[in-house]
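Chain by chain, the residues run as shown.
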Amino acid sequence: MPHLGLVTVVVRDYDEAIAFYRDAVGFELLEDTPLGSGKRWVVMAPPGARETAVLLARAVTGDQQNRVGDQTGGRVGWFLNTDAFERDYERMRAAGVVFEEAPRREPYGTVAVFRDLYGNRWDLIQLLRPPRR
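None of the values given here were measured: they were computed from a predicted structure.

**Q** Where do I start with the packing of aromatic side chains in this structure?
**A** Aromatic ring pairs: the centre-centre distance and the angle between the two ring planes describe each pair. Applying the stated rule across the entire model yields 9 aromatic pairs. Consider the rings of Phe99 and Phe114, whose centres lie 5.5 Å apart with planes at 55 degrees: the pair is tilted. With Phe99 in strand 6 (residues 98-99) and Phe114 in strand 8 (residues 109-115), this residue pair connects regions lying 15 residues apart in the sequence. Accessibility classification places Phe99 together with Phe114 in one group, the buried group. Members of the aromatic cluster, connected to one another through ring pairs, are Phe20, Tyr21, Phe27, Trp78, Phe85, Tyr89, Phe99, Phe114 and Trp122.

The following block contains the structure:
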């Protein structure tokens, strides 16, 4: 059955992005393969993720550079699911992740918006029930 394999986050620098997603968000570096001419295939994911991962793609053109940090026009573009909201929220805050708001309870679960090192908006979310498949 098809599934969503990778989503791209356009970044300024591979190494600073790897450090942020590894050290602050808690992702694992799954692959970092040089492709020549300074290009790399960099894949990261939350520990234990089975399907979807993040491809870090370094911006090279002017259009790509203009989109770093604003890939979704200011909307939340990525949703990081957790099974222990308080644990992950506190760990991420202690690691320097900037949350825009205090955690809030919604009919679907507990959520707080955070920004990555470039300003892209993410939800840290603990759903009350698993997403529909």
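Having seen the model, we can carry on.
**Q** Please clarify how the layout of surface pockets should be interpreted in this entry.
**A** Estimated volume of the largest pocket: approximately 1,300 Å³. Pro46, Ala49, Phe79, Leu80 and Asn81 are, among the 33 residues lining the largest pocket, the residues nearest its centre. Listing elements by their share of the lining of the largest pocket, those giving two or more residues are strand 4 (53-58), strand 5 (76-81), helix 3 (85-94) and strand 9 (121-127). At 5 residues, the largest contribution of residues to the lining of the largest pocket is made by strand 5. Residues belonging to the lining of the largest pocket are distributed by class as follows: 17 nonpolar, 7 polar and 9 charged. Within this model, the second largest pocket holds a volume of roughly 180 Å³. For the second largest pocket, the lining is made up of 13 residues, of which Tyr14, Lys39, Ala57, Arg58 and Gln64 are closest to its centre.

What counts, and at which threshold
All residue numbers refer to position in the chain's written sequence, counted from 1. Local features in this predicted model are restricted to residues whose pLDDT is 70 or higher, and side-chain atom pairs enter the listing and the counts only when it is 80 or higher, whereas totals over whole chains, interfaces and linings include all residues. Values shown for side chains rest on all heavy atoms present in the structure; no hydrogens or waters enter the calculation. In this scheme Phe, Tyr and Trp rings, the latter by its six-membered ring, pair at centre separations within 6.5 Å, and the angle between planes marks the pair as stacked below 30 degrees, edge-to-face above 60, and tilted otherwise. Secondary structure elements follow DSSP: runs of H or I of four or more residues count as helices, runs of E of two or more count as strands, with numbering from the N terminus. Each residue is placed in one exposure class: buried if its accessible area under a 1.4 Å probe, protein chains only, is under 20% of its type's maximum, exposed if it is over 50%, and partly exposed if it falls in between. The distinction between a cavity and a pocket rests on a 1 Å grid over the protein atoms alone: a 1.4 Å probe fits inside a cavity but cannot get out, while a pocket stays open yet meets protein on both sides within 12 Å along at least five of seven lines, and a residue with an atom within 4 Å of a point counts as lining. Grid points are joined across faces, edges and corners, and a volume is the space filled by probe spheres set on the points. Basically, the charged four are Asp, Glu, Lys and Arg, the nonpolar ten are Ala, Val, Leu, Ile, Met, Phe, Trp, Tyr, Cys and Pro, and anything else, Gly included, counts as polar.

Spatial relationships are all this shows, so hold off on functional conclusions.
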